[in-house]
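Given next are the chains, with one letter for each unit.
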Amino acid sequence: MQEQFTHLTSEKWQTLIPPSDEFSAEIFMMKNLQYNMSQKNAIYRTKQTFYNEKWQKIPFIIGVTGSVAVGKSTFAKKITRLFERLEPDKTIAQVSADGFLMSNAELKAKNLMDQKGFPSSFNWDAFYTFLASVKAGKERVPYRLYSQEISDLVPNELGYVSVPDILVVEGINLLEVPPDGQAPPSDFFDYVIYLDASEEDLEKWYLDRYHLMLEINRNNPDNFFYKWANVPLEQADNFAKRVWRDVNLKNLHDYIEPTKKRADMIIKKYGNHEISDMYIRKFNITPDSF
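Asks: Kindly report on the overall build of the protein, identifying the contributing residues and their values.
Replies: Across its full length, the protein holds eight helices and nine strands. Over its C-alpha trace the protein gives a radius of gyration of 20 Å, about what one expects of a compact globule, namely 19 Å for 290 residues. Summarising its shape, the C-alpha atoms of the protein cover approximately 65 × 45 × 40 Å along the three principal directions. Counting over 290 residues, the protein shows a buried share of 48%. Here the protein has roughly 15,400 Å² of accessible surface; of this, 49% comes from carbon and sulfur atoms. If the 35 positive side-chain charges of the protein are averaged to one point and the 40 negative ones to another, these points end up 3 Å apart.

Asks: If you had to explain helix 2 (residues 25-51) to someone new, which residues and values would you point to?
Replies: Its 27 residues place the ends of helix 2 40 Å apart at the C-alpha level, agreeing with the 39 Å of an ideal helix rising 1.5 Å per residue. By the burial criterion, the buried members of helix 2 are Ala25, Glu26, Ile27, Phe28, Met29, Met30, Asn32, Leu33, Gln34, Met37, Tyr44 and Gln48. Asparagine 52 occupies a position one or two residues after helix 2 and carries a positive phi of about 55 degrees.

Asks: Give me the lowdown on the pattern of salt bridges, citing residues and values where you can.
Replies: Enumeration over the complete set of coordinates arrives at 12 salt bridges. A salt bridge links glutamate 26 to lysine 78; the nearest nitrogen and oxygen atoms lie 3.5 Å apart. A residue pair is termed long-range when its members are at least 10 positions apart, and glutamate 26 in helix 2 and lysine 78 in helix 3 (residues 72-86) qualify at 52 residues. A salt bridge links glutamate 215 to arginine 218; the nearest nitrogen and oxygen atoms lie 3.3 Å apart. Among the residues examined, glutamate 215 registers a relative accessible area of 52% and is labelled exposed. Residues participating in the shared-partner salt-bridge network are Lys40, Lys135 and Asp190.

Quick notes on the rules
Residues numbered from 1 in each chain as written. Predicted model: local features only at pLDDT ≥ 70, side-chain atom pairs only at ≥ 80, totals over all residues. Heavy atoms only, no water. Helix = DSSP H or I, 4+ residues; strand = E, 2+ residues; numbered from the N terminus. Rg over C-alpha atoms; globule rule 2.2 N^0.38 Å. Buried < 20%, exposed > 50% of the residue type's maximum accessible area, 1.4 Å probe, protein only. Areas by Shrake-Rupley, 256 points an atom, 1.4 Å probe, with all protein chains shown as cover. Lys, Arg positive; Asp, Glu negative; His and termini not counted. Charge placed at Lys NZ, Arg CZ, Asp CG, Glu CD. Expected span 1.5 Å × (residues − 1). Salt bridge = Lys/Arg side-chain N within 4 Å of Asp/Glu carboxyl O.

The structure is reproduced here in structure tokens:
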């Protein structure tokens, strides 16, 4: 992987942009995203000139992927906020790929609950249709909403994306090749960031979020977490650790982590969620390179 990526430590990336009061790893990352977006737009404009045609606006789609609990949602929100500040003339949308998981009811019917989050639990056709429609510039493209609080799709509620300049999609397995021959989502992404961290930190962050869900739903009997919020903490934690080991860690080892080498940027995080290292892809690769 070293041959495919340039490794940037904090000391290195600080020398690559002019000093400023707001300097941070995130600002460097945004400079990199803006550069790639401008390059894509320039190529698109050149093609239109060459063919003497006027084409519709093509959204720049950014993927944020990595393990469960690595902080994808928070990171995607940060990218969205920074784009809103740095590119105020552009429209930015954000979507979670969790909305393309099968519902808990469907997973139970297919005996897949213990594989939730695995490639087998995604509705790949719906994900493909969504990304293709957004890329084609269609208005009000619908998608399902997912709630971490109920750990399921939100019933009878949809979100919509309508011709954004930039779309940020966060979720696990964004770089996965679907199991039944469907086109991979990565065909539609212009840039994918993989968030990386130690397994010890990932498990801690997972348990921290789990404890927050227990506290929020202690008095909510209709919620998935209610049962575990009202048993001894040790018993509740044993359940969470078993899910982490048997589901999330297995998903990471078997499916998520092997796709890391397909990302355009890998960001390594400290235990406090700060960025320690970045790895920037040097060149494009083909499937035969894997």
